[in-house]
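# Summary of structural features
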Amino acid sequence: MDKSYDVIMFYGPPFGGKTAYFYHFLRETHQRVSASELFQENPDIGLRQVILKIASLLRDGKKVVIDDENWTKALRTSYVKTLTAKFPKCKFLCLKFNPEELVSYWSMEWYLAEKVLQHDLSHICDLKKASRKLHHWYGNYRDENSVLKLEEPRQEERMTIKVVKPKLLAQVDYKFEVPALFLQWEAVIVSSDGSNSIHARLIDVINCWLTTNPWGRVIIIFDSLTTSRDSVNSDSSEDLSIESYKPLLSRLCKDITVPVYVFQIQSPVGDQKFCCPPQPGILAFLQRLHHLHLFHRHTLYLYGTNDHYKMADEAGVRHAPAKTVLCKPLMVVSSKCATKVAVKHELKDINFKQRVTGQSSSPDLHVPLFTKTKESTLDGQWGYYEELLPWKYMHGICFHDLSMVERYQQLYADTASRLSEPGSRMISLHPAEVKPQDPEPEALVQSSSVTTEKAANQPATSQSRRGNRAIPSWLVSKNCKQQKDVDDFLQAGPPSLDSSLDEPVTKKKKTVTQPSTIYCMNVLELLETAQLVLLENGITASSPVNLTKTSPNLKPVESIRYDSIDTTKGKNQEEATNKSSHSHTCTKTSSTQVKQHHVVPETITTIPETEGFQATTSAFKGSLEQSNVQLKSGEKHSDTAVGKTTGPDLSFLDDIF
């Protein structure tokens, strides 16, 4: 066990989880000593004073943890030799921390966000120096004149060596469960006549997303570094400074119900490139600062440049082109609009730990900048507050009025889940179940679309003339149709979370239709074929005939006219094929179709003639009379006799049927 050693020496890179390991595993049995912190408090002391402090703790019967990088062999040897001379039975252990590269850089951003939440930027470490050490540890620092040396511990140093593979560790009181809508600023503005303006559909996109995620964060990321080399709009103005977009943000906040956060990178510090796109340092910092759930099904990054696309992909955040979603705002709540990426195991496997006594705490229950916003806002009017952070980060918040921020803070306090609670309230709770304590804000009334406002401003005479008739769909423009869909979605309220948006869509099987042949006849051919059908059944055009003799299987029915003859399907395919093919006036055949035959009534009085059309030719009448004579004499009517008539030859249908 590690707790049995008198002196435990840490070895590893900055932000490698060494201090967190002590607080959660060794705090009860060992005393922590950090040479770097002692040097920062008092630059006049040296290594000798640090060793004397460790010796005094060992003399009092306490065990010690040396929490530092301890990169050089000479430094570790000085500790071991000096303490062994004073305490010969002292047992030494070296814990070698070897985290993944992404874990270390991600933890560095979390460290800065933690200090921001604690409002303790005065005791922050030298981030520039720590970043350089981190680059050197992973071989990303190329400087031949560097004084940094990296010598791994070995067994000859008279220490037991163990390797620790730390994971991402979050020491928080509340869970990372807040969904976020990230907007690249350069992708949601348009340029016209040398001036910038917000895209006309951006408000609809945000309001649609907030309908499903009323407690979510809307964060605009402004990247001044990428803009200069990879502009979204080639015609856009180059004036994209902080002062230039404040008026645009004020207009945006008037039409939405939550405050909007703004994040900007002014310039990287030294060799720190992890915070600049396409590296995901921005998202790591914002995740810890806002308790974001980056892999939430509703977390979405709307990008406009290739660097921001790669940044979202590297962090495992669902992303979509901003221009696509701005054209169809309802896509923002659909899982089909975003590209789902595989989340790296380093980011997915986070170890959440409750804060322990002795560590500084941060007001996680407050939304970021809530306290400072209340202190800096005058008269509760539209406000904008920002603060400049280390590494040239700028983090700000803009809002319509102070009551908006207070309602947003209360909503977060009501829905946030403590680390000890099972599940997540923000994931399981339906937005309709959250009842706001204050009346509906004015901003929600103003969030109606431009189309609704124009319709309300129409004069009454126009409405009376038009009445309640709706405009035909083919007269409505495409933009109006999309706007109507957005209005219907906002009025209908949030959808039920029971029907998950991430459920796979079942594809319908395509039905393969069988090939078929259709035979068509003109009026003359149709009439001739009908007469042939009557002839086969012993019916003449001059006198009625009782069909019970020729068709004994048919039940007698009342006398009806020819134009009311009914049809039914035959019993089977064999009986259908025995009938003459001339019994069909218009036949549709297929591989699985059963042939139909006529059910002839008992008596037929006359054969109707087509108006304005001579039914038959003289030659056909003669053959018809000759056939009638044969039928009266008792002779059987054969198919050959029928074939001698002048009617159309449809014998080829027998082979088909």
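Above this text you will find the structure in question.
Cut-off values and rules
- Residues numbered from 1 in each chain as written.
- Predicted model: local features only at pLDDT ≥ 70, side-chain atom pairs only at ≥ 80, totals over all residues.
- Heavy atoms only, no water.
- Pairing = 2+ DSSP bridges.
- Helix = DSSP H or I, 4+ residues; strand = E, 2+ residues; numbered from the N terminus.
- Axes fitted to C-alpha atoms, helices over the stretch in contact; angles between N-to-C directions.
- Contact = heavy atoms within 4.5 Å.
- Buried < 20%, exposed > 50% of the residue type's maximum accessible area, 1.4 Å probe, protein only.
- Core = buried A, V, L, I, M, F, W, Y, C linked by side-chain atoms within 4.5 Å.
- Salt bridge = Lys/Arg side-chain N within 4 Å of Asp/Glu carboxyl O.
- Disulfide = S-S within 2.5 Å.

## Examining the sheet that holds strand 12 (residues 300–303)
Strand order in this open sheet of seven strands is 13-12-7-10-11-16-15, and the pairing throughout is mixed. Bordering the open sheet on either side are strand 13 (319–321) and strand 15 (383–389), each of which pairs with just one other strand. Averaged over all neighbouring strand pairs, the angle between strand axes comes to 20°, with direction disregarded.

## Topic: the sheet that holds strand 5 (residues 160–164)
Taking strand neighbours across the sheet as the criterion, the five strands line up as 2-3-1-4-5 in an open arrangement whose pairing is parallel. The sheet is open, and its two edges are formed by strand 2 (30–33) and strand 5, each paired on a single side. Across this sheet, the average inter-strand angle for adjacent strands is 25°, counted without regard to direction. Relative to strand 5, strand 4 (residues 92–97) runs parallel, the two sharing five bridges. Counterpart to lysine 96 in the pairing with strand 5 is valine 163. In the packing of helix 3 (residues 47–59) onto the sheet, contacts are made with strand 1 (7–11), strand 2 and strand 3 (63–66), and the angle to strand 3 comes to roughly 150°.

## Remarks on helix 1 (residues 18–26)
In an α-helix, one turn spans 3.6 residues, which is why side chains three or four residues apart end up on the same side. Every buried residue of helix 1 is listed here: Lys18, Ala20, Tyr21, Phe22, Tyr23 and Leu26. If you follow the buried residues of helix 1, they end up packed against strand 1, strand 2, strand 3, strand 4, strand 5 and strand 6 (168–171).

## Quick notes on the nonpolar core
Soluble globular proteins: nonpolar side chains tend toward being buried together. In terms of nonpolar packing, the biggest core is built from 129 residues, with Trp106, Phe182, Leu252 and Phe285 touching the most fellow members. With 10 residues, helix 5 (residues 101–117) is the largest single contributor of residues to this core. Each residue touching phenylalanine 182, except ones within four places of it in the same chain, is listed here: Ile219, Ile221, Leu283, Leu286, Leu292, Leu294, Thr299, Leu300, Tyr301 and Leu302. Judged by nonpolar contacts, the second largest core, of 12 residues, contains Tyr21, Val65, Leu95 and Phe97.

## Examining the environment of leucine 134
Mapped onto the secondary structure, leucine 134 falls in helix 6 (residues 127–137). The sequence separation of leucine 134 and tyrosine 105 amounts to 29 residues, and the corresponding C-alpha distance is 7.9 Å. Not counting residues up to four positions away in its chain, the partners in contact with leucine 134 are Pro13, Pro14, Phe15, Ser104, Tyr105 and Met108.

## Examining the pattern of salt bridges
Per the stated rule, a full pass over the model turns up 12 salt bridges. The closest approach of N and O atoms between aspartate 204 and arginine 201, which form a salt bridge, is 3.4 Å. Given a relative accessible area of 11%, arginine 201 falls into the buried group. The partner of lysine 344 in a salt bridge is glutamate 314, and the shortest N-O contact between them spans 2.3 Å.

## So, the state of the cysteines
All told, the structure shown has zero disulfides when counted by the stated rule. For the unlinked cysteine cysteine 275, the closest cysteine sulfur is that of cysteine 276, found at 3.8 Å. The thiol of cysteine 398 is not disulfide-bonded; the next cysteine sulfur, from cysteine 253, is found 3.4 Å away. With a relative accessible area of 0%, cysteine 398 lands in the buried category.

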